[in-house]
Amino acid sequence: GKYNNVNSTGSDISELMTFNIDGGYGTSSGSGFLTSRLAGLNLGYELKKDQNINADYFYNYTNSTSGDVFTHKTEFIEAQKIYSENESSNENISNTHQVNFTFKNQSNKLGFLSIRGSFRDHKNTGTSVNSLNKFNGKNELDLQSIGSTYGERENSSGSTSLQYIKRFNEKSKRNFSI
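Numbers given to residues run from 1 along each chain, matching the order in which its sequence is written. Given that this is a predicted model, residues contribute local features only at a pLDDT of at least 70 and side-chain atom pairs are listed and counted only at 80 or more, while totals for whole chains, interfaces and linings are drawn from all residues. Based on all heavy atoms of the structure, the side-chain values leave hydrogens and waters out of the count.

Caption draft 1: Focus on the overall build of the protein chain. Secondary structure elements follow DSSP: runs of H or I of four or more residues count as helices, runs of E of two or more count as strands, with numbering from the N terminus. Assigned secondary structure in the protein chain consists of 0 helices and 8 strands. Taken from N to C terminus, the helices and strands of the protein chain fall in the order β-β-β-β-β-β-β-β. Every one of the 178 residues in the protein chain was classed for burial, and the buried ones make up 24%. Contacts are assigned to residue pairs that have any heavy atoms within 4.5 Å of one another. Restricting the contact set of the protein chain to residue pairs at least 6 apart, pairs at least 24 apart contribute 60%. Note on classification: 1.4 Å probe, protein chains only; a residue is buried when its accessible area is under 20% of the maximum for its type, exposed when over 50%, partly exposed between these limits.

Okay, structure coming up:
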């Protein structure tokens, strides 16, 4: 058998960097806290000479939070002093499972068989809470805005492929494949 770390088919560390401060996807663009968990396993077994089966599994969990962000702003418009305060927080949780497998049979000199498959399940939830209080020049509450968003996305995908190549005879390179 064989052993390998998570640096195998299907492993993707870039999934750690998919949180955006606005609660969406993209490169991380703000301060905050990141909790992550990664696990991977790659197994290979030689059933007999020139006949192998390999499989790997990869799991990735991230929880990205901005924490509570407070912003205080003072603007001077003519003789008036306008004051505003903003409070926001964001959280994004991502779970990904991926499984890959390969079976290769090269034990027959005239034939080659390869079966491959990949399956992936990804779930992401994001929340965002924002509040804004804006005060006029007399320090009276002039505008108040409170908003929250919640988003959830889940997708799964899979693929399999089969390839068979048969040579007509040992001396000829002519073959057909499916």
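Caption draft 2: Spotlight on the pairing of strand β2 (residues 33-48). At least two DSSP bridges between two strands are required for those strands to pair. Where β2 meets strand β3 (residues 51-65), 15 bridges bridge the pair, whose relative direction is antiparallel. Directly across from L41, in β3, lies its bridge partner Y57. Where β2 hands over to β3, the hairpin turn is made up of 2 residues, of which D50 adopts a positive phi near 65°.

Caption draft 3: Region of the structure containing the pattern of salt bridges. Put simply, a salt bridge is a Lys or Arg side-chain nitrogen that is within 4 Å of an Asp or Glu carboxyl oxygen. In total, this model carries 1 salt bridge according to the counting rule given. A salt bridge links K134 to E75, with the nearest nitrogen and oxygen atoms 3.8 Å apart. Here K134 is found in strand β6 (residues 111-135), whereas its partner E75 is found in strand β4 (residues 69-77), with 59 residues between them in sequence. Classification of E75 by relative accessible area gives partly exposed; the value is 26%.

Caption draft 4: Layout of the environment of F176. Tracing the backbone through its elements, the reader meets F176 in strand β8 (residues 175-177). Judged by relative accessible area, which is 38%, F176 ranks as partly exposed. Contacts of F176, omitting those with residues within four sequence positions, involve Y164, I165, K166 and F168.

Caption draft 5: Layout of the pairing of β4. Note that β4 and strand β5 (residues 80-105) share 9 bridges and pair antiparallel. Of the residues in β5, the one forming a bridge with E75 is I82.

Caption draft 6: A look at a nonpolar patch on the surface. Nonpolar side chains collect at one region of the surface, where L41, L43, Y57, V99 and F119 lie side by side and expose about 420 Å² of accessible area between them. Along the chain, F119 falls in strand β6. Residues qualify for a patch when their relative accessible area is over 30% and they have no salt bridge, like charges being joined within 9 Å and the nonpolar side chains of Val, Leu, Ile, Met, Phe, Trp and Tyr within 5 Å. Note that accessible areas follow from Shrake-Rupley with a 1.4 Å probe, and for residues the cover is restricted to the protein chains shown.

Caption draft 7: Spotlight on the environment of L34. In this structure, L34 sits in strand β2. Look at L34 and you get partly exposed, because its relative accessible area is 47%. On a C-alpha basis, the gap between L34 and S66 in space is 8.8 Å, while along the polypeptide they are 32 residues apart.

Caption draft 8: Geometry of unusual backbone geometry. If you check the backbone angles, D50 has positive phi at about 65° while not being a glycine. Along the chain, D50 turns up in the loop between β2 and β3. One non-glycine residue, N139, lies in positive phi territory at about 65°. Tracing the backbone through its elements, the reader meets N139 in the loop between β6 and β7 (141-167).

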